[in-house]
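Single-letter residue listing:
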Amino acid sequence: FTPVEASLAPEDCGACHAAQLADWKTSLHSRAVGPGILWQLRTMDQGHGNDCLRCHAPLAEQKALMAIERGWPNAPATPPPGWVPADLHLRGLACAACHVRGHERFGPPARPGAPVIEGRKPHGGFVAEAAFSDSRFCSTCHQFAPDGRRVNGKLLENTYEEWRASRHAREGRACQACHMPERRHLWRGIHDPEMVKRALGREVTAARLDAGRARVTVRLANRDAGHHLPTYVVPKIMASVYLRGPGTHMLVGHHVVGRTLNVALDREIADTRLAPDATHEFAFDIAVGPGRWRAVLRTEGAPGEHYERMFADMRRRNPGLDEATRAALDEALGKAVAARFFLDELEVAIPEAPADAPARVAN
């Protein structure tokens with residue numbers, strides 16, 4: 001192979017696969033090694049570190065480079081070969097993690113009508129594997145083993161099995177159908193507002209009970225995710241109901257969708273996730289006098305909610321962390337908070353009289 005053909009650097013893959021590289025750079029896969037894991041690696045031995053790298057930077061070459069950087073035992077005594085860029089261990093789930101084994105390139109079968117390359121093919125061509133369109137391909141990182149860590153009897157990560165039990169599996173909709181549409185290397189999920197808006201059904205109904213009271217009912221539904229929404233223990237979706245009226249803007253109700261664990265990940269506080277096609281309804285009776293009143297549903301996504309609590313707790317309990325570790329921890333905490341987003345608000349007018357029909361709005 002030429003140096004570019006042999007290289008494990010994503011940019012060298014992008015010399016021919018430019019669209020895939022551009023998508024990958026926008027994805028969380030490209031940022032699987034960031035401050036959130038780097039500060040933790042600075043506090044771990046090699047065994048625990050490799051447990052994390054198994055999914056965050058799974059190539060053997062990445063583990064070797066991290067061992068050199070961290071000064072772990074069994075680190076290679078010689079520099080990496082030329083096809084291994086010196087920063088590969090910081091590139092997260094790089095192209096080669098899915099597409100290279102034993103110096104051979106693998107990928108999904110070519111689409112009908114795809115151009116045929118005659119003569120010499122870059123890196124000797126590729127081996128077509130149907131596995132690239134199979135949900136089991138994703139389960140390597142998105143499903144803990146049956147004997148994996150459990151809290152309250154439930155695996156911390158059970159996404160593949162949740163999918164297997166859903167109608168998506170029965171209908172033949174693999175993970176890739178939603179997370180890699182048209183084979184794009186995007187992997188959007190709970191961190192993406194449009195993805196959440198598509199998956200989460202929201203409905204708000206307001207009814208007048210009497211001259212001084214109204215009832216606001218919120219219905220949430222997992223209408224398009226082939227697994228629990230959200231599936232993992234880190235993200236949360238917060239639904240808050242506000243009352244707006246003459247001189248008033250106040251919170252009247254709040255509900256969290258997610259699996260909430262303590263920061264040590266050994267005690268479950270609540271599990272209010274929405275299973276595939278499941279719904280949850282909650283209602284509030286509120287004091288509402290005469291006048292024009294409106295009920296507003298604000299929906300906030302917090303992709304790193306558990307990390308927000310965990311990182312803040314680690315900072316508070318470990319004042320003696322070295323400067324570099326503390327800087328990475330602070331950066332990780334800032335990124336977790338900054339990842340929050342709001343969906344568009346749903347607003348409904350509260351009827352002025354009990355005889356009026358309830359008002360309803362949905363996304």
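Sequence order sets the numbering: in each chain, residues are counted from 1 along the sequence as written. Only residues with pLDDT of at least 70 are given local features in this predicted model, and only at 80 or more are side-chain atom pairs given and counted; all residues enter the totals for whole chains, interfaces and linings. Side-chain metrics rest on all non-hydrogen atoms present in the structure, leaving aside hydrogens and water.

Asks: Sorry, what's going on with the side chain of Thr217 here?
Replies: Mapped onto the secondary structure, Thr217 falls in strand β7 (residues 213–222). Throughout, a residue-residue contact means that at least one pair of heavy atoms, one from each residue, lies within 4.5 Å. Among residues more than four places away in sequence, those in contact with Thr217 are Glu203, Val204, Thr205, Glu281, Phe282 and Ala283. The helix and strand labels rest on DSSP assignments: H or I over at least four residues marks a helix, E over at least two residues marks a strand, and numbering proceeds from the N terminus.

Asks: Looking at this model, I keep getting lost on helix α14 (residues 323–338). Mind explaining?
Replies: Side chains of residues three or four places apart in an α-helix project in the same direction, reflecting 3.6 residues per turn. End to end, α14 covers 22 Å across 16 residues, agreeing with the expected 22 Å (1.5 Å per residue, within 8%). The buried label goes to any residue with under 20% of its type's maximum accessible area, the exposed label to any with over 50%, and the partly exposed label to all in between, with areas taken from a 1.4 Å probe on protein chains only. Looking only at α14, the buried set comprises Thr325, Arg326, Ala328, Leu329, Ala332 and Ala336. Buried residues of α14, seen end-on, are gathered within an arc of 160 degrees and therefore sit on one face of the element. For α14, exposure combined with an orientation more than 90 degrees from the buried face picks out Glu323 and Ala338. Buried positions along α14 lie against α4 (35–41) and α13 (305–317). Two or three places before Ala324, at the start of α14, stands the capping residue Asp322, its side-chain oxygen 3.1 Å from that residue's backbone nitrogen. The length a helix should cover is 1.5 Å for every residue beyond the first. This arc describes the spread of directions from the helix axis toward the C-beta atoms. Each polar contact in these results corresponds to two N or O atoms within 3.5 Å; when the atoms are within protein, one needs to be able to donate a hydrogen and the other to accept it, and residues that are neighboring in sequence are counted only if both atoms are side-chain atoms.

Asks: What should I look at first to understand the nonpolar core in this one?
Replies: Within soluble globular proteins, side chains that are nonpolar generally end up buried alongside one another. Formed by 30 residues in total, the largest nonpolar core has its most connected members in Leu200, Leu220, Ile286 and Ile350. In this view, Leu200 contacts Leu220, Ala221, Arg223, Leu229, Ile237, Leu274, Thr299, Leu343 and Asn363; residues no more than four positions away in its chain are not counted. Ranked by size, the runner-up nonpolar core spans 10 residues in total, among them Leu59, Leu65, Val84 and Val100. Joining through side-chain atoms within 4.5 Å is the link that ties buried Ala, Val, Leu, Ile, Met, Phe, Trp, Tyr and Cys residues into a set, and such a set is a nonpolar core.

Asks: What's the story with the sheet that holds strand β12 (residues 279–287) in this structure? I'm lost.
Replies: One key point about sheets: their strands pair by backbone hydrogen bonds, in either a parallel or an antiparallel sense. Two strands make a pair as long as DSSP finds a minimum of two bridges between them. Reading across from one edge, β12-β7-β6-β16 is the order of the 4 strands in this open sheet, with antiparallel pairing throughout. Unpaired on one side and paired on the other, β12 and β16 (359–362) mark the two borders of the sheet. Within the sheet, the average angular offset between the axes of one strand and its neighbour, ignoring direction, is 15 degrees. By the bridge criterion, 10 bridges tie strand β6 (residues 200–210) to β7 in an arrangement that is antiparallel. The partner of Asp210 across the bridge, within β7, is Arg213. Inter-axis angles, ranging from 0 to 180 degrees, are taken between N-to-C directions of lines fitted to C-alpha atoms, where helices are fitted over the stretch in contact.

Asks: Help me understand the environment of Lys63 in this model?
Replies: With respect to the helices and strands, the residue Lys63 is situated in helix α6 (residues 60–70). The partly exposed category is assigned to Lys63, whose relative accessible area is 22%. Put simply, Lys63 and Gln46 are 17 residues apart on the chain and 9.4 Å apart in space, counted from C-alpha to C-alpha. Excluding residues within four positions of it along the chain, Lys63 makes contact with Asn50, Leu53, Arg54, Ala57 and Pro58.

Asks: Is there a simple way to explain the packing of helix α5 (residues 46–56) against α6 in this structure?
Replies: Angle between the axes and distance between the axes are the two parameters that describe a pair of packed helices. At their nearest, the axes of α5 and α6 sit 11 Å apart, and the two run at 140 degrees to each other. For the pair α5 and α6, the sense of crossing is right-handed. Each of Gln46, Asn50, Leu53 and Arg54 in α5 lies in contact with α6, whose residues at this interface are Lys63, Met66 and Ala67. Under the scheme applied, nonpolar residues are Ala, Val, Leu, Ile, Met, Phe, Trp, Tyr, Cys and Pro; charged residues are Asp, Glu, Lys and Arg; polar residues are all the others, including Gly. Here the residues of the contact of α5 with α6 are counted per class, giving 3 nonpolar, 2 polar and 2 charged. Two helices that cross are described as forming a left-handed crossing if the nearer one is turned anticlockwise from the farther one by less than a right angle, and a right-handed crossing if clockwise.

Asks: When you look at the pairing of strand β15 (residues 346–349) in this model, what are you seeing that I'm missing?
Replies: One face of the sheet, then the other: side chains in a regular strand alternate in exactly this way. Going residue by residue along β15, you find Leu346 and Val348 tucked away on one face and Glu347 and Ala349 left uncovered on the opposite face. For strand β13 (residues 294–302) and β15, the ladder comprises 4 bridges, and the chain directions are antiparallel. Bridging across to β15, Leu297 finds its partner in Leu346.

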